[in-house]
Amino acid sequence: MKISAAIKGVYGHVPDNVVTNHDLAKVVDTNDEWITSRTGIKERRHQTEGASSDMAQMAVDGLLKKLDIDPLEIDLVVVATVTPDYPFPSTANVLCDKSGMKNAWGFDLKAACSGFIYALSTGAQFIESGKHKKVIVVGVDKMTSIIDFEDRTTCIIFGDGAGAVLLEPDENGLGVQDFILRSDGSGREYLVQPGGGSLHPPTHETVDNRMHYVKQEGKQVFKFAVTNMADVSAEIMEKNNLKSDDIDWLVPHQANLRIIDATANRMGLPKEKVMINIQKYGNTTAATLPLCLWDYENQLKKGDNIVLSAFGGGFTWGAVYLKWAYNS
Ligand code: UT7
């Protein structure tokens with residue numbers, strides 16, 4: 001039997017600090033009604049101390065404890081993030097040290113809001129090849145470290161959080177079945193952190209010009225996101241001969257409730273089959289999908305057909321089809 005990569009556990013971490021729409025209305029010219037109707041977000045979490053690796057550590061430590069696994073057993077850690085602790089070394093490197101995963105190697109993967117599906121598909125390859133037995137995939141972002149709290153078009157959207165899953169080999173046909181991943185770098189101007197990299201290394205000028213903050217042309221990104229996320233989700237269904245009734249859950253990236261609804265409609269799925277937590281966490285970039293799995297874990301059943309789907313900066317987008325591997 002072919003080896004597939006199955007998720008054997010999930011854990012999440014969000015900071016305690018809750019920031020409501022009303023709180024943000026005291027900082028920028030906005031209001032609860034606008035944010036709720038345009039995005040579906042009511043509140044988000046802001047990390048007040050520490051870095052992405054600290055949230056990732058909370059998620060990974062929680063995961064290992066829950067599954068009663070020694071950190072020394074972990075072979076590989078893939079961390080999806082656009083807010084690494086440092087330009088280098090990688091957050092995976094730091095995380096392995098903090099969580100005691102001393103036998104693991106690891107790396108960061110940058111695909112913005114599509115980070116988790118890129119990382120999950122990558123981690124799955126190391127299981128399927130037979131090379132590794134225990135792979136941890138993390139989605140983590142401290143978006144508040146790159147958000148401009150003078151820009152009402154972005155600061156209302158994003159939040160901080162982390163989620164982690166453990167992948168192990170499965171020989172019973174469960175786990176990751178298929179993925180479709182896409183990338184179009186010509187979209188980079190619409191959603192970008194322009195400063196701080198090799199194109200515009202940090203200078204007084206880049207900081208004065210606020211180039212180290214996220215810039216987004218929301219309308220343009222919305223247009224691409226709503227089409228591509230729905231298209232790729234329909235495509236993975238068709239490729240795997242899945243009808244709407246065959247799908248138990250859609251796990252959509254949590255960027256905007258209107259994009260989630262459009263994707264679910266295109267797949268012919270009722271609301272009850274769609275994981276939604278955008279109202280309480282906002283857009284946590286690479287963390288949205290594992291945080292959804294964490295929130296809904298106790299409703300998932302062994303054998304459930306699940307489609308994860310995302311769209312993000314780059315542009316990057318895609319979908320993963322998997323069969324859930326355990327009952328909670
Ligand atoms: O996660 C990765 C991918 N990212 C996404 O998928 C995000 C995609 N884009 C979106 O979700 C939406 O475009 C936004 C939520 C960012 C914005 O919603 P929108 O319906 O596209 O609004 P808009 O940008 O067209 O702005 C409409 C109006 C503008 O005023 P005028 O020009 O009509 O007078 C904005 O200035 O709303 C104004 N506006 C705000 N008003 C109150 C923009 N931000 C705010 C705000 N509060 N926070």
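Below is a short write-up of the structure. (Residues numbered from 1 in each chain as written. Predicted model: local features only at pLDDT ≥ 70, side-chain atom pairs only at ≥ 80, totals over all residues. Heavy atoms only, no water.)

Turning our eyes to something else, we now look at the overall build of the protein. Each helix and strand in the protein was counted, giving eleven helices and 13 strands. The globule rule puts the C-alpha radius of gyration for 328 residues at 20 Å, and the 19 Å found for the protein is close to it. Oriented by its inertia axes, the alpha-carbon framework of the protein measures out at about 60 × 45 × 35 Å. Considering the protein as a whole, with its 328 residues, one finds that 54% of them fall into the buried category. Long-range pairs, those at least 24 residues apart, make up 77% of the contacts in the protein between residues at least 6 apart in sequence. Each charge class in the protein can be summarised by its mean position, and for the 33 positive and 42 negative side chains these summaries are 3 Å apart. (Helix = DSSP H or I, 4+ residues; strand = E, 2+ residues; numbered from the N terminus. Rg over C-alpha atoms; globule rule 2.2 N^0.38 Å. Buried < 20%, exposed > 50% of the residue type's maximum accessible area, 1.4 Å probe, protein only. Contact = heavy atoms within 4.5 Å. Lys, Arg positive; Asp, Glu negative; His and termini not counted. Charge placed at Lys NZ, Arg CZ, Asp CG, Glu CD.)

This part is about the packing of aromatic side chains. Applying the stated rule across the entire model yields ten aromatic pairs. A centroid spacing of 5.6 Å and a plane angle of 35 degrees characterise the contact between Trp105 and Phe107, whose relative ring orientation is tilted. Ring geometry for Phe224 against Phe315: centres 4.9 Å apart, planes inclined by 40 degrees, an arrangement best described as tilted. Taken together, the residues span a long stretch of sequence, with Phe224 in helix α8 (residues 218-239) and Phe315 in the loop between β12 (305-312) and β13 (316-323) at a distance of 91 residues. The class for Phe224 is partly exposed, based on a relative accessible area of 31%. A network of ring pairs unites the aromatic residues Tyr190, Phe224, Phe311, Phe315 and Trp317 as a single cluster. (Phe/Tyr/Trp six-rings, centres within 6.5 Å; stacked < 30°, edge-to-face > 60°.)

Around the ligand, the structure places 25 residues, and the nearest of them are Thr30, Arg38, Lys219, Asn256 and Asn283. In this structure, a nitrogen atom belonging to the ligand sits 2.7 Å away from a side-chain N or O atom of Thr30. In this structure, His253 approaches the ligand through a side-chain N or O atom, which is 3.1 Å from an oxygen atom. Relative to its unbound accessible surface of 950 Å², the ligand loses 75% to contact with the protein. Where the shell around the ligand is concerned, the elements lending two or more residues are α2 (32-39), α6 (152-155), α8, α9 (257-267) and β12. With five residues, α8 is the largest single contributor of residues to the shell around the ligand. The residue makeup of the shell around the ligand, split by class, is eleven nonpolar, nine polar and five charged. Both domains that furnish three or more residues to the shell around the ligand are identified here as domain 1 (4-172) and domain 2 (177-323). (Near = heavy atom within 4 Å. Polar contact = N/O pair within 3.5 Å; in protein donor to acceptor, adjacent residues only side chain to side chain. Areas by Shrake-Rupley, 256 points an atom, 1.4 Å probe, with all protein chains shown as cover. Nonpolar A, V, L, I, M, F, W, Y, C, P; charged D, E, K, R; others polar. Domains from an automatic or database assignment.)

Here the residue pair Phe88 and Pro89 is connected by a cis peptide bond, since its omega of 0 degrees sits within 30 degrees of zero. A positive phi angle, close to 50 degrees, is found at Ala112, a residue other than glycine. Along the chain, Ala112 turns up in the loop between β5 (105-109) and α5 (115-128). With a relative accessible area of 17%, Ala112 lands in the buried category. You will see that Thr285, though not glycine, has its phi angle at about 55 degrees, which is positive. With respect to the helices and strands, Thr285 occurs in the loop between α10 (278-281) and α11 (288-296). Using a relative accessible area of 2% as the deciding quantity, one classes Thr285 as buried.

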